[in-house]
Amino acid sequence: MTTGVWILGDQLWLGQAALAQHHNPPAKTPVLLIESRQYAQQRRYHAQKLVLVWSAMRHFAAELQGAGWPVSYEIAEDFETPLRQWIQAQRITRLQVMEPSDRPFLTFLQTLDLPCDLEIMPNNHFLWSVDGFKAWASNRKSLLMESFYREGRKRFDILMAGKEPVGGQWNFDKENRQPPKGKLDTPEPLTFGPDDITQAVIAAVQQADWPTFGNLEPFHWAVTRDQARQVLDHFIHTRLTTFGPYQDAMVTGEDTMWHALLSPYLNLGLLQPLEVIDAVEKAYSERDLPLNSVEGFIRQVMGWREYMRGLYWYVDEAYFDRNFFDHDRPLPDFFWTGETEMNCLHQVINQVQRTGYGHHIQRLMILANFSLIAGLQPQAVEAWFHAVFIDAYDWVMQTNVLGMGLFADGGVLASKPYSASANYVNRMSDYCQGCRYNPKQKTGDDACPFNFFYWDFLDRHRDKLQSQGRMSFILKNLDKMKPEDLVEIRDRAANFWSP
Ligand SMILES: Cc1cc2nc3c(=O)[nH]c(=O)nc-3n(C[C@H](O)[C@H](O)[C@H](O)COP(=O)(O)OP(=O)(O)OC[C@H]3O[C@@H](n4cnc5c(N)ncnc54)[C@H](O)[C@@H]3O)c2cc1C
Ligand code: SF4
């Protein structure tokens, strides 16, 4: 019997389930990696994402080869042709693949009629298994992230003092919502110049005859596990201390603030969630780091990230088509070009074009918030997010965009929609200072679209929102609005889209 391992593009770790068991040197198991050009054309991708994934795959293949593994690396139109050829050439009788993180790829794998046995090994790139999440979630009335997070802290013994949370509290979020006041001294991110392998991929993507999104260069991302570890180290030493307080702040020209820039590497398998959490907890125990920052960060990785992935596999297929508010407006062109007078959207979309990156509040409170209150079609918004971000994968996009960003699931994930007016943007960013619109006005020619769309959204969906307990306070404010203002708000929201 000859066993072979097919390594998927986001499974680039020696400890991944399918590879780990073949470790004992010298490794003789044939392994295969495939770059499929058709797959890259199924939807539009950020040009830097294609470079990141293919360069990281090529580097990983080279590392395996250097360690003596018999590696086949194929650049092909589809996956199936080189897979079948390799199975035949290597006389593979059993193919092992670690379970894909995305549901569509698992379906694709399961429908392949291969001339050998196929063994799909449970995915070990997350702290929680799919079954572990299901066991936690089943029979619960509410799937609150906070409960899941606390369970994770206890289960994996992270930031615990016996049975109690370190510092006597589970959550220090109240200390973590500071607006960006005065001059902020933000740290430079750690960047890497493209080596020969990356340059070859950049050249290949440059020649692509299919549409991509955003700027191909400059390309500064890490492409190996070693470089990703350096990014983690750099984060811990230069950004972690201030991560908490300014987690929600947005500043023009500051692409990253104190955020970690780790999602591209975690999502490719170059870093593992537990090693990231352990490194941060170790730094906390060795140095005098503020607990609000340390806990705030650990909650992102061990709470939100695991929760989003668990939920993605827990919900049924119908979840991905849900549209609670029946929103049907197509995506405006400026989502692709950044050409809009709304400065917040202009800045954030331009940044994503340049880098493929936006931090959480830019994604949630600018991009998704606008999409929600303006009534954009949820699945089109999800597809757009997937196309433009460097760290986008089905498992992390669907629940973040449909559940958290757009409340399209009707409240499975969030207890109320993350909808906000210009008040929020003005408090948490400096975008409004450079804008043609006035964040304080909801009527009049300078009225900020975030204001009239926000109130129009509440007005249009009053019935649905009334059943969301946490919305009653804000709906009372809607009731107090002058009738003539409400008429103008409705008009402005409707006319915004006319040329
Ligand atoms: C509408 C929307 C779309 C998003 N799309 C993606 C996506 O395609 N890919 C992606 O990895 N994340 C996505 N996120 C989550 C989050 O915004 C990014 O993980 C984060 O901005 C990545 O930057 P960072 O590494 O600097 O994060 P930091 O702010 O430094 O956070 C640290 C880590 O926590 C994890 N994390 C935090 N929040 C989440 C979350 N909600 N879901 C999953 N992981 C989380 C990430 O691994 C991240 O690297 C999305 C969030 C929203 C609201
Ligand atoms: S005024 Fe409105 S559109 Fe302009 S930056 Fe502020 S929130 Fe965005």
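The structure presented is a predicted model; accordingly, all values stated were derived computationally and were not measured.

Conventions used here
Residues numbered from 1 in each chain as written. Chains lettered and ligands numbered in written order. Predicted model: local features only at pLDDT ≥ 70, side-chain atom pairs only at ≥ 80, totals over all residues. Helix = DSSP H or I, 4+ residues; strand = E, 2+ residues; numbered from the N terminus. Rg over C-alpha atoms; globule rule 2.2 N^0.38 Å. Buried ≥ 20, exposed ≤ 12 C-beta atoms within 10 Å, placed from the backbone. Contact = placed C-beta atoms within 7 Å. Domains from an automatic or database assignment. Core = buried A, V, L, I, M, F, W, Y, C linked by C-beta atoms within 7 Å. Axes fitted to C-alpha atoms, helices over the stretch in contact; angles between N-to-C directions. Parallel < 35°, antiparallel > 145°, perpendicular 65-115°, else oblique. Left-handed = near helix turned anticlockwise from the far one by under 90°. Nonpolar A, V, L, I, M, F, W, Y, C, P; charged D, E, K, R; others polar. Pairing = 2+ DSSP bridges. Near = placed C-beta within 6 Å. Right-handed = clockwise from strand over helix to strand, strands pointing away.

1. Comments concerning the overall build of the chain
- Across its full length, the chain holds 22 helices and seven strands.
- Since a compact globule built from 499 residues should have a radius of gyration of about 23 Å, the 24 Å found for the chain is in line with a globular shape.
- Its C-alpha atoms give the chain principal-axis dimensions of roughly 80 × 55 × 45 Å.
- In the chain, buried positions account for 43% of the 499 residues.
- Considering only contacts within the chain whose residues lie at least 6 apart along the sequence, 75% involve residues at least 24 apart.

2. Brief notes about the domain arrangement of the chain
- Assigned domains within the chain: domain 1 (3-121), domain 2 (130-321) and domain 3 (334-495).
- Using only C-alpha atoms to locate each centre, domain 1 and domain 3 end up separated by 39 Å.
- With twelve residues of domain 1 at the interface, the matching set in domain 3 holds ten residues.
- Elements supplying a minimum of two residues to the side of domain 1 that touches domain 3: helix 2 (47-66) and helix 4 (103-111).
- Of all the elements, helix 2 adds the most residues to the side of domain 1 that touches domain 3, at three residues.

3. Some thoughts on the nonpolar core
- In this structure, V51, A56, L262, Y265, V280, I298 and V425 are the most contacted members of the largest nonpolar core, which totals 134 residues.
- When residues in this core are grouped by element, the largest group, eleven residues, is from helix 2.
- Every residue in contact with V280, bar those within four places of it in the chain, is listed here: I236, L240, V294, F297 and I298.

4. Re the packing of helix 11 (residues 273-286) against helix 12 (residues 291-314)
- Between helix 11 and helix 12, whose axes approach to 10 Å, the crossing angle comes to 165°. Overall, the two elements helix 11 and helix 12 adopt an arrangement that is roughly antiparallel. In this structure, helix 11 crosses over helix 12, and the sense of that crossing is left-handed. Facing P273, V276, I277, V280 and Y284 of helix 11, the residues of helix 12 in contact are V294, F297, I298, V301, M302 and R305.
- For the contact of helix 11 with helix 12, a count of residues per class yields ten nonpolar, no polar and one charged.

5. A few points about the sheet that holds strand 2 (residues 31-36)
- Read across the open sheet, the five strands follow the order 3-2-1-4-5; overall the sheet is parallel. In this open sheet, the two strands that pair with only one neighbour each are strand 3 (71-76) and strand 5 (117-121). The sheet shows a mean angle of 25° between the axes of neighbouring strands, direction not considered.
- The pairing of strand 1 (residues 3-6) with strand 2 spans two bridges and is parallel. Across the sheet, the residue bridging to V5 is V31, located in strand 2.

6. Quick look at the environment of E217
- Relative to the assigned elements, E217 resides in the loop between helix 7 (196-206) and helix 8 (225-238).
- A sequence separation of 169 residues divides E217 from Q48, and the C-alpha atoms of the two residues are 7.5 Å apart.

7. Description of the site of ligand 2
- Around ligand 2 lies a shell of 14 residues, among which M342, C344, C432, C435 and C448 are the nearest.
- Of all the secondary structure elements, the ones that give two or more residues to the shell around ligand 2 are helix 14 (343-355), helix 18 (422-428) and helix 19 (449-460).
- Among the elements that take part in the shell around ligand 2, helix 18 stands out by supplying three residues, more than any other.
- Of the residues in the shell around ligand 2, the class split is twelve nonpolar, two polar and no charged.

8. Let's talk about the site of ligand 1
- Ligand 1 sits among 27 residues. The nearest are H259, A260, S263, Q300 and R305.
- Elements represented by at least two residues in the shell around ligand 1 include exactly helix 10 (263-268), helix 12, helix 15 (360-373) and helix 17 (394-405).
- No other element matches the six residues that helix 17 contributes to the shell around ligand 1.
- Classifying every residue of the shell around ligand 1 gives 16 nonpolar, eight polar and three charged.
- Inspection of the shell around ligand 1 shows a minimum of three residues originating in each of domain 2 (130-321) and domain 3 (334-495).

9. A closer look at the pairing of strand 4 (residues 94-98)
- Most of strand 4 sits inside the fold, with four of its five residues counted as buried.
- Relative to strand 4, strand 1 runs parallel, the two sharing three bridges. Bridging from a neighbouring strand, V5 pairs with Q96 of strand 4.
- In this region the chain leaves strand 4, passes through helix 4 and returns to the parallel neighbour strand 5; the handedness of that crossover is right-handed.

10. Points about unusual backbone geometry
- Backbone torsion omega between E217 and P218 reads 0°, so that peptide bond is classified as cis.
- Of note, P218 is situated in the loop between helix 7 and helix 8.
- Of note, N139 is a non-glycine position whose phi angle comes to about 70°, a positive value.
- A tally of 6 C-beta atoms within 10 Å means that N139 is categorised as exposed.
- Even without a glycine there, the phi angle at D157 is positive, about 50°.

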